[in-house]
Amino acid sequence: MLALPFRPDKRGNTNTNDRKVNPMKLKFVAATLGFAAGLAAAPAFAAINLVNNGDFETGSLTPAWTVVNAPGSTPANVQIVETNGTTQYFGETFPTSPSGGRYAAYFVSDLANQSISQTLTLDADADPYILSFDLYATRIGNNNPGFFTLTSAVGGNEVARFGTLPGDTAVPVGGWSSYSQAFSVAADGDYVLSFNFTSGGQPAKDILLDNVMVSPIPEPSEYAMMLAGLAAVGFIARRRRRAD
């Protein structure tokens, strides 16, 4: 059993012994939404993004993301590249991602064991949450013989696995693809969101990551309130047009 760091709950309880969470209790409800390749960015309800610098538009990974580069990775670091059609690594140009931003994280190292991560404070009463992001498998990298695997995880529990090994979800080459996954947490607390990249062989295939979002999914009652509000606005607008 793993004791995760927690903030006091809504009753002010700070007894962490009562709030230890087995990570297997993270209830990833893939059956609800599953992976949605080729979706157009994040859904409209995902307006609140709990991820800091998830679009990498600061032009840097730090300080929002904690970066780990194991010895032996070549080049040694996870890169930030432009996605506005300018020539980047190995003469390839990367198109603008669905988010419309200028930058993306580029996992390009051979013999790599790398990760980027940040801690999110999640509320069990606010879930389910949705994790979404965009991926781009490069054309030049696709010609390399070495494999790659990119996994996403929340609280140490793997949410998704992409790559070129058996069992990995393949990423289309030469174009951006969007993915989303619903998940829940069993207790309020701090959970580490991470993306972990490994590659074998030299040279190895590589991948870009952009537009990382974690957002709470509104309850049905919130949808009903939103629709009622829209209906009221429409009714008032019609009344005004008739009065004019």
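Conventions we followed
Residues numbered from 1 in each chain as written. Predicted model: local features only at pLDDT ≥ 70, side-chain atom pairs only at ≥ 80, totals over all residues. Heavy atoms only, no water. Helix = DSSP H or I, 4+ residues; strand = E, 2+ residues; numbered from the N terminus. Buried < 20%, exposed > 50% of the residue type's maximum accessible area, 1.4 Å probe, protein only. Contact = heavy atoms within 4.5 Å. Areas by Shrake-Rupley, 256 points an atom, 1.4 Å probe, with all protein chains shown as cover. Pairing = 2+ DSSP bridges. Axes fitted to C-alpha atoms, helices over the stretch in contact; angles between N-to-C directions. pLDDT = per-residue confidence, 0-100.

A. Region of the structure containing the overall build of the protein chain. From N to C terminus, the protein chain includes two helices and ten strands. Secondary structure elements of the protein chain occur, N-terminal to C-terminal, as β-β-β-β-β-α-β-β-β-β-β-α. A buried classification covers 45% of the 244 residues belonging to the protein chain. Counting contacts in the protein chain only where the partners sit at least 6 residues apart, residues at least 24 apart contribute 78% of the total. Per element, the accessible surface of the protein chain, about 12000 Å² overall, is 56% carbon and sulfur.

B. Geometry of the sheet that holds strand 6 (residues 147-154). The strand order 1-4-9-6-7 describes an open sheet built from five strands, whose pairing is antiparallel. If you trace the sheet from one side to the other, it starts and ends with strand 1 (66-69) and strand 7 (157-163), each paired once. Between one strand axis and the next, the sheet turns through 15 degrees on average, direction left out of account. Where strand 1 lies against strand 4 (residues 113-122), four bridges are found, and the strand directions are antiparallel. Opposite valine 67, over in strand 4, you have isoleucine 116 as the bridge partner.

C. Highlighting the confidence of the model for the protein chain. Looking at the protein chain as a whole, its pLDDT mean stands at 78, while 70% of the residues score no less than 70. Counting contacts from residues 1-46, a segment whose pLDDT is below 50, to residues more than four positions away or on other chains yields 87 contacts.

D. Up close: the side chain of threonine 151. Mapped onto the fold, threonine 151 is located in strand 6. Overall, the relative accessible area of 10% leaves threonine 151 in the buried class. Once you skip the residues sitting within four places of it in the chain, threonine 151 turns out to touch Glu158, Ala160, Arg161, Ser194, Phe195 and Asn196.

E. Here's a closer look at the pairing of strand 3 (residues 103-107). By the criterion of burial, strand 3 is predominantly enclosed, with four of the five residues buried. Across four bridges, the pairing between strand 2 (residues 79-82) and strand 3 is antiparallel. Bridge assignment links isoleucine 80 to a residue of strand 3, and that residue is alanine 105. Where strand 3 meets strand 10 (residues 207-216), three bridges bridge the pair, whose relative direction is antiparallel.

F. Representation of the environment of asparagine 52 within the structure. If you trace the backbone, asparagine 52 turns up in the segment before strand 1. A sequence separation of twelve residues divides asparagine 52 from alanine 64, and the C-alpha atoms of the two residues are 5.9 Å apart. Ignoring anything within four residues of it in the chain, the contact list for asparagine 52 reads Ala64, Trp65 and Gln118.

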